[in-house]
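# Report on the structure
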Amino acid sequence: MPGEILLVRDDPIATVTLSNPDKLNALDIAMWKRLGEVMRELDADKALRAIVIRGAGEKAFAAGADISEFGKTRKNAKVAKKYGEQLEATMDAIARCRHPIVAMIHGACAGGGVEIITQCDLRICGVSSRFGNPISKLGLVVGYSEMAGLIDLVGRAAAMEILLEGRILGAAEAKDMGLVNRVVADDKVEEEATAAARRIAAGAPLVARWHKKFARRLAQPRAITKSERNEAYACYDTEDFKIGVKAFLAKQKPEFKGK
């Protein structure tokens, strides 16, 4: 059975599921393409406030790319370049998505699965989760854009340790490296990741989007321009700012409109 990308919406929260359970949710080329399409669709939906990405079941988030199709999709440099361009486009779609993304990580997360979570904003896993990118054992490399996400998240030293040694990391070590934000009991992963998404969704959506935009921009070496600095004051002209202040002073829960 081919894998698929499933999408479920629950009011302001969308859940994207990487589903290929017979292969620990390894992504085939069609899944990579569809994941990018879904993320671009969600980015365009201004009614959304948070996204959860997870693997089907609880055995794995994603075991990486589907190696069984490498004989076709990566049989030589020319063909592999097309495959890599698709993967990069998908990673870019995740990274550029305006909405906050929570990675709900059950079980194994390796290779391309690790690359996906590096583009998420929060990463929550269980105590038995395992991480790694044993790419050196396959004789292929992580491209520049793929490596950039890992280095941005954990730093060059930790990224080199992950890629050069190819070790499988436990949840505690992954947290120490900064690969995940939070480690909870295995049977609490879904509960905690869902709660995190709901907390995000309860906040002012424009503020969350601005913070994502600013964080992404700060990762670039160019100096911040005057117009970019001035954008930080745009929030004071929003209806949500007035709603938030009024609710705070009245000791009430704000009902933000995203305006």
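Residues numbered from 1 in each chain as written. Predicted model: local features only at pLDDT ≥ 70, side-chain atom pairs only at ≥ 80, totals over all residues. Heavy atoms only, no water.

### Some details on the packing of helix 5 (residues 144–154) against helix 6 (residues 156–165)
Two elements in contact, helix 5 and helix 6, have axes whose closest approach is 7 Å; the angle formed by their N-to-C orientations is 125 degrees. With respect to helix 6, the element helix 5 is oriented oblique. In this structure, helix 5 meets helix 6 at a crossing whose hand is right-handed. For the pair formed by helix 5 and helix 6, the contact residues are Met147, Leu150, Ile151 and Val154 on the first element and Arg156, Ala158, Ala159, Met160, Ile162 and Leu163 on the second. Taken together, the residues of the contact of helix 5 with helix 6 sort by class into nine nonpolar, no polar and one charged. (Axes fitted to C-alpha atoms, helices over the stretch in contact; angles between N-to-C directions. Helix = DSSP H or I, 4+ residues; strand = E, 2+ residues; numbered from the N terminus. Parallel < 35°, antiparallel > 145°, perpendicular 65-115°, else oblique. Left-handed = near helix turned anticlockwise from the far one by under 90°. Contact = heavy atoms within 4.5 Å. Nonpolar A, V, L, I, M, F, W, Y, C, P; charged D, E, K, R; others polar.)

### Topic: the packing of aromatic side chains
Counted according to the given criterion, the structure contains two aromatic pairs. Look at Tyr236 and Phe241: their rings are 5.0 Å apart centre to centre, the planes differ by 80 degrees, and that puts the pair in the edge-to-face class. Judged by its relative accessible area of 45%, Tyr236 falls in the partly exposed class. (Phe/Tyr/Trp six-rings, centres within 6.5 Å; stacked < 30°, edge-to-face > 60°. Buried < 20%, exposed > 50% of the residue type's maximum accessible area, 1.4 Å probe, protein only.)

### Observations concerning the pairing of strand 2 (residues 13–19)
Each regular strand shows side chains that alternate between the opposite faces of the sheet. For strand 2, a buried count of six out of seven residues is recorded, marking the element as mostly surrounded by other parts of the structure. Where strand 1 (residues 4–10) meets strand 2, seven bridges bridge the pair, whose relative direction is antiparallel. The residue bridging Arg9 from the neighbouring strand is Ala14, located in strand 2. Alignment of strand 2 against strand 3 (residues 50–55), held across six bridges, turns out to be parallel. Note that in strand 3 the partner of Val16 across the bridge is Ile53. A crossover connection joins strand 2 to the parallel strand 3 through helix 1 (residues 29–44); in handedness this β-α-β unit is right-handed. (Pairing = 2+ DSSP bridges. Right-handed = clockwise from strand over helix to strand, strands pointing away.)

### Digging into the pairing of strand 5 (residues 101–105)
Of all five residues that make up strand 5, five are buried, and the element is covered over most of its length. Burial along strand 5 is two-sided: the face carrying Ile101, Ala103 and Ile105 and the face carrying Val102 and Met104 are both buried. With four bridges joining them, strand 3 and strand 5 adopt parallel strand pairing. Within the sheet, the bridge partner assigned to Arg54 lies in strand 5 and is Met104. Both strand 5 and strand 7 (residues 122–126) contribute to a ladder of four bridges, which runs parallel. By the bridge assignment, Met104 is partnered in strand 7 with Ile124.

### Remarks on the sheet that holds strand 4 (residues 60–62)
Taking strand neighbours across the sheet as the criterion, the four strands line up as 4-6-8-9 in an open arrangement whose pairing is mixed. Sheet topology places strand 4 and strand 9 (169–170) at the edges, where each strand pairs with a single neighbour. Bridging between strand 4 and strand 6 (residues 108–110) involves two bridges; their strand directions are parallel. Among the inter-strand pairings, Ala60 is bridged to a residue of strand 6, identified as Ala108.

### Considering helix 1
Count 3.6 residues to each turn of an α-helix, and residues three or four apart come out pointing the same way. Taking 1.5 Å as the rise per residue, helix 1 with 16 residues should run 22 Å; its terminal C-alpha atoms sit 23 Å apart, in good agreement. If you check which residues of helix 1 are buried, you get Met31, Trp32, Leu35, Gly36, Val38, Met39 and Leu42. Seen end-on, helix 1 carries its buried residues on one side only, within an arc spanning 165 degrees. Of the surrounding elements, those touching the buried residues of helix 1 are strand 1, strand 2, strand 3, helix 3 (77–96), strand 5 and helix 4 (112–118). Put simply, Asp28 is the residue that caps the front of helix 1, since its side-chain oxygen is 3.2 Å from the backbone nitrogen of Ala30. (Expected span 1.5 Å × (residues − 1). Arc of directions from axis to C-beta. Polar contact = N/O pair within 3.5 Å; in protein donor to acceptor, adjacent residues only side chain to side chain.)

### Some remarks on the nonpolar core
Of all hydrophobic cores here, the largest spans 49 residues; its most connected members are Met39, Ile51, Ile53, Phe61, Ile116 and Phe131. For this core, the element with the highest residue contribution is helix 1, accounting for six residues. By size, the runner-up hydrophobic cluster in this structure holds twelve residues, among which are Val52, Met104, Ile124 and Ala193. (Core = buried A, V, L, I, M, F, W, Y, C linked by side-chain atoms within 4.5 Å.)

Shape is all these values report; function is a separate question.
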